[in-house]
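# Summary of structural features
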Amino acid sequence: MASTWFGASVKRKEDPAFLQGKGRYIDDIHLPGMLHAAFVRSPYAHAKVGRIDKDAALTMPGVHAVLTFADLPEPVRRQTLPLLVPHPALRQPFMPHALVKDEACYVGEPVACVIADSRYLAEDAADRVEVEYQPLPAVNDCRDALGEGAPLAHAGAESNVAARFPLRVGDADRAFSGAAHVFREKIYQHRGGPFFIECRGAIAQYDAAADSYLLHVSSQGSHRLKRCMLEMFDLGDHQVRVVTPDVGGGFGPKGAFYPEYVNIAVASRLTGRPVKWIEDRRENFLTTHQERDQYWDMEIAVEGNAKIIGVRGQLIHETGAYVPWGIVLPWITATTVPGPYVIPNFKLDVVSVFTNKIQTTPVRGAGRPEAVVTMERLMDRVARELKLDRAEVRRRNFIQPGQMPYNVGIIFRDGRPVTYDSGDYPACQAAALAASDYAGFGSRQAEARKAGRHLGIGISNAVEATGLGPYEGATARIATSGKIAVYTGATPQGQSHKTTLAQIAADQLGVDYNDVTVVTADTATISLGMGTFAARTAVNAGSSVHLAAKEVAAKAKKIAAGMMECMEDDLELDGGYVRLKSAPDVRKSFAEIAVRSIGTPGFSMAGGLAPGLEHTSYFTPEQSVYSNGTHVAEVEVDIETGAVRILRFTVAHDCGRVINPLIVDGQVVGGVAHGVGNALFERMVYDENAQPLTTHFGEYLLPLATDVPHVDLVHLETPSPLNPLGVKGAGEGGTIASIAAILSAVENALEPFGVTVAEAPISPQRIVELLGEHALGRTR
Amino acid sequence: MADTRNITVTVNGEAHSREVETRLTLADFLRHELNLTGTHVGCEHGVCGACTVLVGGTSARACLMLAVQCEGQEVVTVESLAAGGKLNPLQQAFQDHHGLQCGFCTPGILMTLTEFLREYPDPSEAEVRTALTGNLCRCTGYQAIVAATLDAAKRMRGGA
């Protein structure tokens, strides 16, 4: 069927409500009799927790309950929160309890939960809960954590090592021994947190008559949270329903299962009333997962002509206090390093390390931006050392389109070999260079230098695994009214699923996309789901919607053919009817067909089609599909203040076939803004006791409208052969390559001073510091 | 015991009288007392701008004001913008340019821009960007918001 809606920049169905203040986010939901929770949290990064005196709090007006670990029901006390992605490399899979049992391992870990008539009263009472803490030595840096005699992040642990794993391609050591050139770079990278504008939150409602829980939660995947609730409370499938309403941004960490959700469910059962908890911004800084620190020590070996023969090194990755996503984050990082380049020999030893800070899990880009920064810093180094143009060094090393599908030789976190399905990396870079007038930069730079201004340009390339399985599902259903609904476990946080998935279904059903209602993230509507993360929804949910709607269309034709006594092939779908191609006035409406499809009371349907004008599909991709992009940043650095201004930013991006160009542009540009923050501003600072010092937006800086440049976009379209729509993920590419391009540009601007950039973010203070070192003769 | 006051606040043209705690923020008053949940709370310390409303015609952070400070005042929120359910030119331009993704920061941004476009009916891109520095958006990268604002200004000058 021809695409009417797929590929069209149609307006979003989500917008009219959002623009009128009629969205329904978690804190907009008010249930009758609802109580409110506030948490007592550890003020220490590491402490033994002793006696908890809740008497004073309990006597305060409006207070209904104070929960401590001892008050939790047996199945909750027995378990730690579920570790969703176990892995044999995990040596010490530490996970937290719903409330601290006896040892707090990061500042903000919940120790007690206070339930009161209002949040104001709950916070008043939380202040009156007295907790005996016995501070323990805390570890605040993942390198120090590996040192001899370092404090242990968990008392009684064998060490601070959560996991060690190697990646190997070819024989790196032998390749290095014969190399013409070997260059070494030590790179420190820090990414902050997601910092969605809507903090986390949830409402638990226990129904005593049905002995079941309804959890409304601001999440990225209702079904995974349902599974966690079932495990924590030892319940049957029918006893938990999770609904995710509108979500004000997620960026990864809203996909996790957090202890607060368990506590409010316990409290709802205890009080017999719904209980709401809304994270405040300070709690968000303390307790929502982040990405933070990686220390890289890397070497690259090249031939005289800059062809790479090997890359090797070590990555120290901070996991924080616990490992809710196992080794997913460092694994994605490690497997992203080779990128678009032919690297015959590769060896990376990864160690994931505990610290006494909130755990690290994927934030937009999910460890990939760090890998790209590392690889692209190495490429710049090769260019500098061999006095070659940076774009040329990259060009000489690209995987060629003719080599697709290309097996990199390592195993990705989907359990499959990293095999790029399609893409034209040389063309992508060429497009970005052309659009950014890379060739003309030399004269722009020279001109500016005459005026005492320091311009720089930077390039980065990235390949991104997207569309990770195992699946997402969709049910397409035409009701007996003729109205069309699509149900999916995909859980949007701004990605526009209600529009894009409607576009896909509308094409199959021959209707306007406004006639398809997409219902997301309610576990009562579809039995299985994974949720929206890892740039996976277009591929997984999109393909499932396509397949489900296609089946419904076929079924509608079958039923109509019977009703109209004609051949299915003579029929077509249009505007809510199945009609004769040759005589469009001869038709049956979706309503009539749907009524027929459900049968008539008492009459046999035996031997016929399965009842209902509906179909459920779970698209299970064979492996990830790989998007790619080239970013070019042009910056000006003020050598007095260290301020960096981004003058131009160009993205050439290939995410396969595009469902809605307007929406994809928005995803890419928004992703770049996140990268701008990571490259220049965002830093979580902790003191030596792992006490966070940046706990508000006055100290932790997010990029503003004046910091983010206009982004020029070039779309390339190499369809993926691995799904029926030919799509690839688009949600993270903007972030993944942008940090590396900005760092490269800053270094290029500071070239006259011999300054090299080996860290992210690179702040104005740090730039001034580096220039000062140069002035004192302490640079290379 | 909690200290309370009786206040009357006119919100979107309608007077509301309530007995409120003196510590109740304007944001919580609007959201939880009046059920006007379009005004969002993003940081509670006046940086993100999601809670921006107009008080006496001037933009204000509803998270940094107390409800009692609005006694006798006129407050205007995002709910007032679409008269009769029809998006106003600024709202329509936001939809046309994909100026919102998750939509959470959007009400505050719309209120900031409502005030801004009144004072700067023909702004430059740089002026729009500066006007937006009091609002954080984590989704869009601001580009589509800027485009929408410039287009809205044009439409409004044209009397759309």
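Just so it is clear, the structure is predicted and the values come from calculations on it, not from any experiment. (Residues numbered from 1 in each chain as written. Chains lettered and ligands numbered in written order. Predicted model: local features only at pLDDT ≥ 70, side-chain atom pairs only at ≥ 80, totals over all residues.)

### Considerations on the overall build of chain B
Tallying secondary structure elements over chain B gives 5 helices and 5 strands in all. Across chain B, helices and strands are ordered from the amino to the carboxyl terminus as β-β-α-β-β-β-α-α-α-α. For 160 residues, the compact-globule estimate of 2.2 N^0.38 gives 15 Å, and chain B sits close to it at 16 Å. When each of the 160 residues of chain B is scored for burial, the buried share is 56%. Considering only residue pairs separated by 6 or more positions, chain B has 60% of its internal contacts joining residues 24 or more positions apart. (Helix = DSSP H or I, 4+ residues; strand = E, 2+ residues; numbered from the N terminus. Rg over C-alpha atoms; globule rule 2.2 N^0.38 Å. Buried ≥ 20, exposed ≤ 12 C-beta atoms within 10 Å, placed from the backbone. Contact = placed C-beta atoms within 7 Å.)

### Some details on the overall build of chain A
Assigned secondary structure in chain A consists of 19 helices and 29 strands. Projecting the C-alpha coordinates of chain A onto the three principal axes gives extents of approximately 90 × 75 × 50 Å. The buried share of chain A, taken over its 780 residues, is 59%. Sequence-distant contacts, at least 24 apart, represent 81% of the contacts inside chain A between residues at least 6 apart.

### Details of the interface of chain A and chain B
Opposite the 43 residues of chain A that make contact, chain B presents 43 residues. Put simply, the parts of the chain that give the side of chain A that touches chain B at least two residues each are helix H1 (15-19) and helix H17 (661-680) of chain A. A per-element tally of the side of chain A that touches chain B places H17 of chain A first, with 7 residues.

### Focus: the packing of helix H2 (residues 89-96) of chain B against helix H5 (residues 143-157) of chain B
Residue and element names in this part refer to chain B. Direction vectors running N to C along H2 and H5 enclose 140°, while the axes themselves pass 8 Å from each other. By the angle class used here, H2 and H5 are oblique. Relative to H5, the crossing made by H2 is right-handed. Between H2, through Pro89, Leu90, Ala93 and Phe94, and H5, the contact on the second element is made entirely by Ala148, Asp151, Ala152, Arg155 and Met156. For the contact of H2 with H5, the class distribution of residues is 7 nonpolar, no polar and 2 charged. (Axes fitted to C-alpha atoms, helices over the stretch in contact; angles between N-to-C directions. Parallel < 35°, antiparallel > 145°, perpendicular 65-115°, else oblique. Left-handed = near helix turned anticlockwise from the far one by under 90°. Nonpolar A, V, L, I, M, F, W, Y, C, P; charged D, E, K, R; others polar.)

### Comments concerning the sheet that holds strand S19 (residues 472-478) of chain A
Residues and elements named next belong to chain A. If you trace the 4 strands from one edge of the open sheet to the other, you get S21-S20-S19-S25, paired in mixed fashion. Each edge of the open sheet is held by one strand with a lone partner, namely strand S21 (516-520) and strand S25 (614-619). Between one strand axis and the next, the sheet turns by 20° as a mean value, whatever way the strands run. The sheet contact formed by S19 and S25 spans 6 bridges and is antiparallel. If you follow Glu472 over to S25, its bridge partner there is Phe619. The strands that helix H14 (residues 497-509) touches are S19, strand S20 (484-488) and S21; relative to S21, the one it contacts most, it runs at about 135°. (Pairing = 2+ DSSP bridges.)

### Overview of the nonpolar core
If you look at the biggest cluster of nonpolar residues, it comprises 301 residues, and the most contacted ones within it are Ala37, Val114, Leu215, Ala505, Ile742 and Val746 of chain A. Considering every element that reaches this core, the biggest residue donor is helix H15 (residues 537-564) of chain A, with 12 residues. (Core = buried A, V, L, I, M, F, W, Y, C linked by C-beta atoms within 7 Å.)

### Details of the domain arrangement of chain A
Residues and elements named next belong to chain A. Domain annotation of chain A identifies domain 1 (15-21 + 469-619) and domain 2 (402-462 + 624-780). When residues of the side of domain 1 that touches domain 2 are traced back to their parent elements, those giving at least two are H14 and H15. The dominant element in the side of domain 1 that touches domain 2, judged by the number of residues it contributes, is H15, at 6 residues. Among the residues making up the side of domain 1 that touches domain 2, the classes are represented as 6 nonpolar, 9 polar and 1 charged. (Domains from an automatic or database assignment.)

### Considerations on the sheet that holds strand S11 (residues 240-243) of chain A
All names here are of chain A. Strand order in the open sheet formed by 7 strands is S3-S5-S1-S12-S9-S10-S11, and the pairing between neighbours is mixed. Since the sheet does not close on itself, it has two edges, and those belong to strand S3 (63-67) and S11, each with one partner. Ignoring strand direction, the axes of neighbouring strands in this sheet form an average angle of 20°. Packing of helix H4 (residues 119-126) onto the sheet brings it into contact with strand S1 (35-41), S3 and strand S5 (110-116), and relative to S1 it is tilted by some 30°. Against the sheet, helix H6 (residues 222-233) makes contact with strand S10 (212-217) and S11, and its axis sits at roughly 150° relative to S11, the strand it touches most.

### What about the domain arrangement of chain B?
Residue and element names in this part refer to chain B. Each domain of chain B was delimited in the assignment, giving domain 1 (4-80) and domain 2 (83-157). When each unit is reduced to the centre of its C-alpha atoms, the spacing between domain 1 and domain 2 is 21 Å. Every contact between the two is made by 15 residues of domain 1 and, on the other side, 12 residues of domain 2. Elements supplying a minimum of two residues to the side of domain 1 that touches domain 2: strand S3 (52-55) and strand S4 (58-61). Take the side of domain 1 that touches domain 2: its biggest share by element is 3 residues, from S3. Looking at the side of domain 1 that touches domain 2 residue by residue, the classes come out as 7 nonpolar, 8 polar and no charged.

### Details of the pairing of S11 of chain A
Residue and element names in this part refer to chain A. The alternating pattern of S11 places Val240 and Val242 on one face and Arg241 and Val243 on the opposite face, and all of these are buried. Bridge count for S10 against S11 is 4 bridges, and the pairing is parallel. Looking across to S11, one finds that His216 is bridged to Val243. Each parallel crossover has a hand, and for S10 linked through H6 to S11 it is right-handed. (Right-handed = clockwise from strand over helix to strand, strands pointing away.)

### Quick word on H14 of chain A
Residues and elements named next belong to chain A. For H14, spanning 13 residues, the distance from its first C-alpha to its last is 18 Å, which sits close to the expected 18 Å at 1.5 Å a residue. Among the 13 residues in H14, 13 count as buried, and that is most of the element. Phi turns positive one or two residues past the end of H14, at Gly510, with a value near 70°. (Expected span 1.5 Å × (residues − 1).)

### Observations regarding H15 of chain A
The end-to-end C-alpha distance of H15 of chain A is 38 Å, a good match for the 40 Å that 28 residues give at a rise of 1.5 Å each. Of all 28 residues making up H15 of chain A, 20 are buried, and the element is well covered by its neighbours.

### Examining the environment of Gly159 of chain B
Its place among the elements puts Gly159 of chain B in the segment after H5. Considering only alpha carbons, one finds Gly159 of chain B and Val146 of chain B, 13 residues apart in sequence, at a separation of 20 Å.

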